[in-house]
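# Observations on the model geometry
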Amino acid sequence: EDKVVQSPLSLVVHEGDTVTLNCSYEVTNFRSLLWYKQEKKAPTFLFMLTSSGIEKKSGRLSSILDKKELFSILNITATQTGDSAIYLCAVGPDKLIFGTGTRLQVFP
Amino acid sequence: GAGVSQSPSNKVTEKGKDVELRCDPISGHTALYWYRQSLGQGLEFLIYFQGNSAPDKSGLPSDRFSAERTGGSVSTLTIQRTQQEDSAVYLCASSRLGTNEAFFGQGTRLTVV
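Below is a short write-up of the structure. (Residues numbered from 1 in each chain as written. Chains lettered and ligands numbered in written order. Predicted model: local features only at pLDDT ≥ 70, side-chain atom pairs only at ≥ 80, totals over all residues. Heavy atoms only, no water.)

What follows covers the sheet that holds strand S3 (residues 19-26) of chain A. All names here are of chain A. Read across the open sheet, the 5 strands follow the order S1-S3-S8-S7-S6; overall the sheet is antiparallel. Each end of this open sheet is capped by a strand with a single partner; those strands are strand S1 (3-7) and strand S6 (56-58). Across the sheet, the mean angle separating the axes of adjacent strands is 15 degrees when strand polarity is ignored. One ladder, built from 3 bridges, connects S6 with strand S7 (residues 61-66); its direction is antiparallel. Considered in S7, the bridge of Lys56 is made with Ser63. (Pairing = 2+ DSSP bridges. Helix = DSSP H or I, 4+ residues; strand = E, 2+ residues; numbered from the N terminus. Axes fitted to C-alpha atoms, helices over the stretch in contact; angles between N-to-C directions.)

What follows is about the pattern of salt bridges. Any two side chains of opposite charge can pair, given that their charged atoms come close. All chains considered together, the criterion is met by 8 salt bridges over all chains. A:Lys3 is the salt-bridge partner of A:Glu26, the closest N and O atoms lying 3.9 Å from each other. Taken together, the residues A:Glu26 in strand S3 and A:Lys3 in strand S1 connect sequence positions 23 residues apart. Relative accessible area serves as the criterion here: at 44%, A:Lys3 is assigned to the partly exposed category. Note that B:Arg64 is salt-bridged to B:Asp86, the shortest N-O span being 2.8 Å. With a gap of 22 residues between them, B:Arg64 in the loop between strand S5 (44-50) and strand S6 (65-69) and B:Asp86 in the loop between strand S7 (75-79) and strand S8 (88-95) connect regions that are remote in the sequence. For the pair shown, B:Arg64 and B:Asp86 are each scored as buried. (Salt bridge = Lys/Arg side-chain N within 4 Å of Asp/Glu carboxyl O. Buried < 20%, exposed > 50% of the residue type's maximum accessible area, 1.4 Å probe, protein only.)

See below:
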């Protein structure tokens, strides 16, 4: 059965801290891994990773995929209160299977 | 359209009634997904459409749930004889052929009373 596991489930940090969110997966016919940020209802797209070892970067956020060990990490440096959200990882060949997410809370 | 559009944004219904939720995907997107998110939970896959292929219905929780996609565009998720445990946010997403980069609508919050 296809499975996506995220850790930690919850994280509380202060502004300026750096955080690392983890996503491991087991899925047949892997094509891509995606990261989303969910603040209210609609998850918003962050990154899509298809190849091992190539870092994707957007501002203070970056992500990398390891297809041999079947995991990805999402790094956020110099966190801000606006980074507070649930971060979701999804994997698919076709339909996307989501993990349960990591709830990040950033306090001033 | 500019983004994925879902309607209604909120729906309150009485237990036992049928409901229809609508999703209008981004123009040109061939793939359409439905997910359900209960309070404090992750996204639960319901159904996936890709072009004219047979849909992947493996996530539908019971035969009270069905979905169709007319003309390869608009999709309707129907829940018959609603029950309180159906209360959740129903999210729709779409993506272009050949990529998993899916974009989500704002969701429909369904409350069964």
